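Reading the structure
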Amino acid sequence: MSQQTKRVAAVQMDVAFADIDHNVQQILAKIATVKADGVDLAVFPECALTGYCFESREEALPLGLSIDDPLFDSFAAACGDSDLHVIIGFLEIEGDKLFNSQAMINRSGVVGSYRKIHLPGVGVDRFLDPGDREFSIQAAGEIRVGMAICYDSSFPETSRVLGLHGADVIALSTNWPVAARRTAEIVPPARSMENHLYFIAANRVGTERTFEFCGMSSIAGPDGVMIAETDSDQELILTADIDLSIARNKQIVRTPGKHVIDRFADRQPERYTIIGEKK
């Protein structure tokens, strides 16, 4: 692969509810698989360490981890001497706050994190604190990654802001249930095409309490075409090779001088002020 070509993966997996030790072992096994395949960036599901369907904040609190918890060292060790970066969903505790978070980890340890901003009225999100940091770009080696979690993707502003910050890839850890199949089908290609970047959606599978998760993970290209996808609701790993130079060139020339578009340069933000107004 050229210097601008990187291999990415969406890890579709089941998660044992409230059993961090079991989930750690499952994640370590999958890290070994993607590492052997030469993957540069692997995305795991939302709340992959803990499960999602908690019935109260009090039930979830004992599963909260600080971002500097030694548990993350095991994932760093699993990355070994490779360039692999992994993004893993977990519940993050800081003081009296509890967040739905992602950690980005490489052989050096935790090198980036994100706290879910948009919280739906479902699962543990009913009882959590909304993310308290601005959207930003995390570096996975040469890959500029915009991290997001599940419901964040339903707000096009999330992907647009990450794209404007320079994301090559949006890494979405998600827990889409069967009722969200249309979201799994529509959102990844729409957001990738709107922002001319790659979009990795790593969903979970299995059943937790009353929720059945649909799988349907995918990797979409900057033209909105799926370059790896599945209809399966079973555990699997999707991989794809991506070209960073394509995501970074926002000008699309279909017919020189006659059909040229640039969805960033052609914006008219002064017309969008209502977007910043909370109704």
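The protein chain has the name N-carbamoyl-D-amino acid hydrolase in an unreviewed UniProt entry, where Rosistilla oblonga is given as its organism.

1. Some thoughts on the packing of aromatic side chains
Applying the stated rule across the entire model yields five aromatic pairs. Seen in terms of ring centroids, Tyr114 and Phe135 are 6.0 Å apart; in terms of plane orientation they differ by 20°. Their pairing is stacked. Of this pair, Tyr114 sits in strand E5 (residues 109–115) while Phe135 sits in the loop between E5 and strand E6 (137–140), placing them 21 residues apart in sequence. By the burial criterion, Tyr114 is buried, and Phe135 matches it. Considering the side-chain rings of Tyr151 and Phe155, the 5.0 Å spacing of their centres and the 85° angle between planes classify their relative orientation as edge-to-face. Overall, the relative accessible area of 26% leaves Phe155 in the partly exposed class. An aromatic cluster of at least three residues, connected via ring pairs, comprises Phe72, Phe75 and Phe90.

2. Brief notes about the environment of Gly95
Take Gly95: it is sitting in the loop between strand E3 (85–94) and strand E4 (97–106). In sequence terms Gly95 and Ile105 are 10 residues apart; their C-alpha atoms lie 22 Å from each other.

3. Brief notes about the environment of Phe199
Considering the arrangement of structural elements, one finds Phe199 in strand E9 (residues 198–202). Considering only alpha carbons, one finds Phe199 and Val145, 54 residues apart in sequence, at a separation of 9.8 Å. Those residues in contact with Phe199 that lie beyond four places of it in its chain are Ser153, Ser159, Ile170, Leu172, Pro188, Arg191, Ser192, Ser218, Ile219 and Ala220.

4. Details of the nonpolar core
Of all hydrophobic cores here, the largest spans 40 residues; its most connected members are Leu41, Ile143, Val145, Trp176, Ile200 and Ile219. Looking at this core, the elements with two or more residues in it are strand E1 (5–14), strand E2 (41–43), strand E7 (143–149), strand E8 (169–173), E9, strand E12 (218–220), strand E14 (236–243) and helix H6 (244–248). Not counting the four nearest positions on each side in its chain, Val145 is found in contact with Leu41, Ile87, Met104, Ser136, Ile137, Gln138, Ala140, Val169 and Ala171. Judged by nonpolar contacts, the second largest core, of 37 residues, contains Val39, Leu49, Phe54 and Leu65.

5. Quick look at the side chain of Asn195
Inspection of the secondary structure puts Asn195 in helix H5 (residues 181–195). Among the polar contacts made by the side chain of Asn195, one reaches the main-chain carbonyl oxygen of Arg191 at a distance of 3.0 Å. Those residues in contact with Asn195 that sit more than four places away from it in its chain are Ser159, Arg160, Lys250 and Phe264.

6. What to know about the packing of helix H4 (residues 156–164) against H5
Geometry of a packed helix pair, given as the angle between the helix axes and the separation of the axes. Contact pair H4 / H5: the axes reach a minimum separation of 10 Å and the direction vectors enclose 40°. Relative to H5, the element H4 is oriented oblique. The way H4 lies across H5 gives a crossing that is right-handed. From H4, Pro156, Ser159 and Arg160 reach across to H5, where they touch Arg191, Glu194 and Asn195. The residue inventory of the contact of H4 with H5, partitioned by class, reads one nonpolar, two polar and three charged.

7. What to know about the pairing of strand E15 (residues 251–255)
Of the strand pairs in this sheet, E15 and strand E16 (residues 259–262) are connected by four bridges, and their pairing is antiparallel. Bridge assignment links Thr255 to a residue of E16, and that residue is His259. Counting the residues that bridge the hairpin from E15 to E16 gives three residues, and of these Gly257 lies at a positive phi of roughly 75°.

8. Overview of the side chain of Glu92
With respect to the secondary-structure elements, Glu92 resides in strand E3. You can call Glu92 buried: its relative accessible area is 2%. At a separation of 2.7 Å, a polar atom in the side chain of Glu92 contacts the side chain of Ser101. Residues contacting Glu92, with those up to four places away along its chain left out, are Leu65, Ile67, Lys97, Leu98, Phe99, Ser101 and Arg115.

9. Observations concerning the sheet that holds E12
Taken in spatial order, the six strands make up an open sheet running E6-E7-E8-E9-E12-E13, and their pairing is mixed. A strand with exactly one partner marks an edge of an open sheet, and here the two such strands are E6 and strand E13 (226–229). Adjacent strand axes in the sheet meet at a mean angle of 20°, parallel and antiparallel pairs treated alike. By the bridge criterion, three bridges tie E12 to E13 in an arrangement that is antiparallel. By the bridge assignment, Ile219 is partnered in E13 with Ala228.

Conventions adopted
Residues numbered from 1 in each chain as written. Predicted model: local features only at pLDDT ≥ 70, side-chain atom pairs only at ≥ 80, totals over all residues. Heavy atoms only, no water. Phe/Tyr/Trp six-rings, centres within 6.5 Å; stacked < 30°, edge-to-face > 60°. Helix = DSSP H or I, 4+ residues; strand = E, 2+ residues; numbered from the N terminus. Buried < 20%, exposed > 50% of the residue type's maximum accessible area, 1.4 Å probe, protein only. Contact = heavy atoms within 4.5 Å. Core = buried A, V, L, I, M, F, W, Y, C linked by side-chain atoms within 4.5 Å. Polar contact = N/O pair within 3.5 Å; in protein donor to acceptor, adjacent residues only side chain to side chain. Axes fitted to C-alpha atoms, helices over the stretch in contact; angles between N-to-C directions. Parallel < 35°, antiparallel > 145°, perpendicular 65-115°, else oblique. Left-handed = near helix turned anticlockwise from the far one by under 90°. Nonpolar A, V, L, I, M, F, W, Y, C, P; charged D, E, K, R; others polar. Pairing = 2+ DSSP bridges.

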